[in-house]
Amino acid sequence: MATELHRQVNYLKGELEKEKVAGESGDAAVRVRSLTRSFDGRAVIDDLQLDIGTGEFVALLGRSGCGKSTLLRVLAGLDREIEGEVLVPRRKAVAFQAPRLMPWKRVWRNVLLGLPGRPGRAVAERALTEVGLGHRVDAWPKTLSGGEAQRASLARALVREPDLLLLDEPFGALDALTRITAQQLVGELWQRRGCAVLLVTHDVEEALLLADRVLVMDGGVIAHQVRVDRDRPRDIADPLLAELRTELLDRLGVKAPEPAVHKVA
Amino acid sequence: MSPVLEPVVPLSARRRPVPRWLRRTTGPLLLLVLWQVSSATGVLPSDILASPGTIAGTASDLLEDGTLPHAMLVSVQRVLIGLVIGGVIGVALALISGLSRLGEDLVDASVQMLRSIPWVGMIPLFIIWMGIGEAPKIALIALGVTFHLYLNVYAGIRGVDAQLIEAGTALGLGRWGLIRHVVLPGALPGAMTGLRYSLATAWLALVFGETINADDGIGFLLNRAREFFQTDVIVVCLIVYAALGLLADFIVRTLERLLLRWRPNFTGK
Ligand SMILES: Nc1ncnc2c1ncn2[C@@H]1O[C@H](COP(=O)(O)OP(=O)(O)OP(=O)(O)O)[C@@H](O)[C@H]1O
Ligand SMILES: [Mg+2]
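Residues numbered from 1 in each chain as written. Chains lettered and ligands numbered in written order. Predicted model: local features only at pLDDT ≥ 70, side-chain atom pairs only at ≥ 80, totals over all residues. Heavy atoms only, no water.

(A) Geometry of the interface of chain B and chain A. In this complex, chain B contributes 16 residues to the contact, which on the side of chain A involves 18 residues. Where chain B abuts chain A, roughly 1800 Å² becomes buried across the two surfaces, and 68% of that area is made up of carbon and sulfur atoms. Counting the contacts that link chain B with chain A gives 2 salt bridges. Residue Arg73(A) is joined to Glu166(B) by a salt bridge in which the shortest nitrogen-to-oxygen separation is 2.3 Å. In this assembly, chain B and chain A are joined by 6 residue pairs in polar contact (both at pLDDT 80 or more). At the level of secondary structure, the elements contributing two or more residues to the side of chain B that touches chain A comprise α7 (162-170) and α8 (175-212) of chain B. Broken down by element, the side of chain B that touches chain A gets its largest block of residues, 7 residues, from α7(B). Class assignment for the residues of the side of chain B that touches chain A results in 9 nonpolar, 5 polar and 2 charged. (Contact = heavy atoms within 4.5 Å. Buried area = accessible area lost by both parts, 1.4 Å probe. Salt bridge = Lys/Arg side-chain N within 4 Å of Asp/Glu carboxyl O. Polar contact = N/O pair within 3.5 Å; in protein donor to acceptor, adjacent residues only side chain to side chain. Helix = DSSP H or I, 4+ residues; strand = E, 2+ residues; numbered from the N terminus. Nonpolar A, V, L, I, M, F, W, Y, C, P; charged D, E, K, R; others polar.)

Here it is as structure tokens:
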């Protein structure tokens, strides 16, 4: 089995190298040029440019309905009715807002679904342990709690060893406490794996705590971006973050209420 | 004014003086006793309806001399063959029109059109086409089964959550991978409903098919009993039909419990 896994990793490495040559992408994990996507003649994404470096953690903010999910679905290769140039790594993984586990497959089978080769159960167990679900390996998805299902979905994405991890509001449905734990988990996993991440979120603080760069989408393009030059783990009480938070909220068209500091539990 | 409080009584604490199954069997038992008494006192003549005692005796006679087991075997065999044929055709058609647009356009309209013909009305045609042997009976059963399975499997396939299909695509499943891991398992609940309906239909079709021209099987026993006014035999045959139907339902329920374990809401409790 060990050799099987090894072979699979090698296979994927080969794919990656091909990708690099073919895409001339240097050290970019995503390269989008003049992307346009319209629904019924209305351009939801309108001549959008985007670059994400390898291993870079990017958060994407924007008002509801501004096209964040649409962009993410394009990057995931789920939406091809597009114009423009989109380069993404072959190895990419998505975690949706709803966990979207197949209810008829036990958790570990869900994690392995669609993987090339015939990976053994141990591969799934390892990934599930990594997200703290080692004890629910054999469970049916419908018996998982919301947070557990979301972590299973994350394990399913991670087990693919992605070069690009696409997260569409993965913590949206979680309660505040579970959410903090899940954010930390994503931060840790990202540091361990070193894959590029695009995190779509509504939560400005979440974006600031996790990302290297925060983008604001508006009018079908990336309208604004800020760099977050702070070591991790970050403290939301950090003045720089507070300043950036006000700036971003302003960009999102929200008058920032005075410091978020009081809010922190 | 403070509201009147009332206790929320835990289910386990609610005492049931008489177990439910006992209460539920009382009614039928009383009916049986009434029936026996009316037969014994002559209120219910035996050429209208035999007494429960007589029926029990007849049943054990028929079982002992092998008539009933043989008839049951023949009838069950008919149902099974019809079920398999109808099942294969129904599921195959449902897959064709469920999984492809082209298939849907070709198959669905025709099946919907044929479905509006009452299948019992096909009996005369079947007799003309296939004579009065086994073939028309099996064909009748297969016909009823085909439509039920087709409709439910087709609806099941089309009802699979598009979000799950998208998730499967994102996980790298190809067309066949999607069908195997997402579409078919997702259609299974519908298919099981279809199976249950089609079993019920199959028994009905059997009864129709056998009473019209029977040379063997339970329907044959039934017809012969009618000629000799043996109401006891007729009732025995009806009971056998009912029991076999119940058995089939039990089998499907068990199958559902095994195949649909992943649905926490499906316990039938
Ligand atoms: N399949 C579709 N057909 C028509 N319009 C669509 C379709 N999908 C999305 N849209 C429209 O495109 C716009 C962008 O949708 P999208 O889902 O990308 O928004 P979003 O930024 O993710 O919003 P939210 O934060 O609420 O999830 C919306 O106005 C939506 O109504
Ligand atoms: Mg969205």
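(B) Examining the packing of helix α5 (residues 146-158) of chain A against helix α6 (residues 176-193) of chain A more closely. Residue and element names in this part refer to chain A. The interhelical angle for the contact between α5 and α6, taken along N-to-C directions, is 10 degrees, at an axis separation of 11 Å. When the interaxial angle is binned, α5 and α6 end up roughly parallel. Listed contacts from α6 to Gly147, Arg151, Leu154 and Leu158 of α5 are Thr178, Leu185, Val186, Leu189 and Arg193. Among the residues making up the contact of α5 with α6, the classes are represented as 5 nonpolar, 2 polar and 2 charged. (Axes fitted to C-alpha atoms, helices over the stretch in contact; angles between N-to-C directions. Parallel < 35°, antiparallel > 145°, perpendicular 65-115°, else oblique.)

(C) Looking closely at helix α2 (residues 52-64) of chain B. All names here are of chain B. If you check α2, its first and last C-alpha atoms are 18 Å apart, about what 13 residues at 1.5 Å a residue would give, namely 18 Å. By the burial criterion, the buried members of α2 are Pro52, Ile55, Thr58 and Leu62. Looking down the long axis of α2, one finds its buried residues gathered within 120 degrees of arc, a one-sided arrangement. Contacts from the buried residues of α2 go to α1 (20-40), α3 (67-99) and α10 (231-259). Note on α2: the residue one or two positions beyond its end, Gly66, has a positive phi of about 85 degrees. (Expected span 1.5 Å × (residues − 1). Buried < 20%, exposed > 50% of the residue type's maximum accessible area, 1.4 Å probe, protein only. Arc of directions from axis to C-beta.)

(D) A look at the environment of Arg245(A). Residue placement: Arg245(A) occurs in helix α8 (residues 239-251). Between the C-alpha atom of Arg245(A) and that of Glu148(A), which follows or precedes it by 97 residues, the distance is 30 Å.

(E) The pattern of salt bridges, seen in detail. Following the criterion strictly, the structure yields 24 salt bridges over all chains and no others. A salt bridge links Arg33(A) to Asp51(A), with the shortest nitrogen-to-oxygen separation between them at 2.8 Å. Residue Arg33(A) is found in strand β1 (residues 28-39), and its partner Asp51(A) is found in strand β2 (residues 42-53); the two are separated by 18 residues along the sequence. Judged by relative accessible area, Arg33(A) falls into the partly exposed class, the value being 22%. For Asp51(A), a relative accessible area of 34% puts it in the partly exposed group. Among the ionic pairs, Glu166(B) bridges to Arg100(A), the shortest N-O distance being 3.0 Å. Highlighted residues: Glu166(B) in helix α7 and Arg100(A) in the loop between β5 (92-95) and α3 (107-112), drawn from two different chains. Each member of the pair, Glu166(B) together with Arg100(A), is buried. Each of the salt bridges in this network shares a partner with another, and the network as a whole consists of Arg37(A), Arg73(A), Asp79(A), Arg100(A) and Glu166(B).

(F) Region of interest: the site of ligand 1. Residues and elements named next belong to chain A. Not every one of the 13 residues close to ligand 1 is listed here, only the nearest: Ser64, Gly65, Lys68, Ser69 and Thr70. With respect to ligand 1, the side chain of Ser64 contributes an N or O atom lying 2.6 Å from an oxygen atom. Taking Ser69, its side chain carries an N or O atom lying 2.6 Å from an oxygen atom of ligand 1. Among the elements of the structure, β2 and α2 (68-75) are those that each provide at least two residues to the shell around ligand 1. Ranked by the residues each element gives to the shell around ligand 1, the list is headed by α2, at 3 residues. Tallied by class, residues from the shell around ligand 1 come to 3 nonpolar, 6 polar and 4 charged. (Near = heavy atom within 4 Å.)

(G) Local environment of the pairing of strand β9 (residues 221-227) of chain A. Residues and elements named next belong to chain A. Sheet topology note: the strand β8 (residues 213-218)/β9 ladder contains 6 bridges and is antiparallel. If you follow Met217 over to β9, its bridge partner there is Ile222. Connecting β8 to the next strand, β9, in antiparallel fashion are 2 residues, including Gly219 with a positive phi near 60 degrees. (Pairing = 2+ DSSP bridges.)

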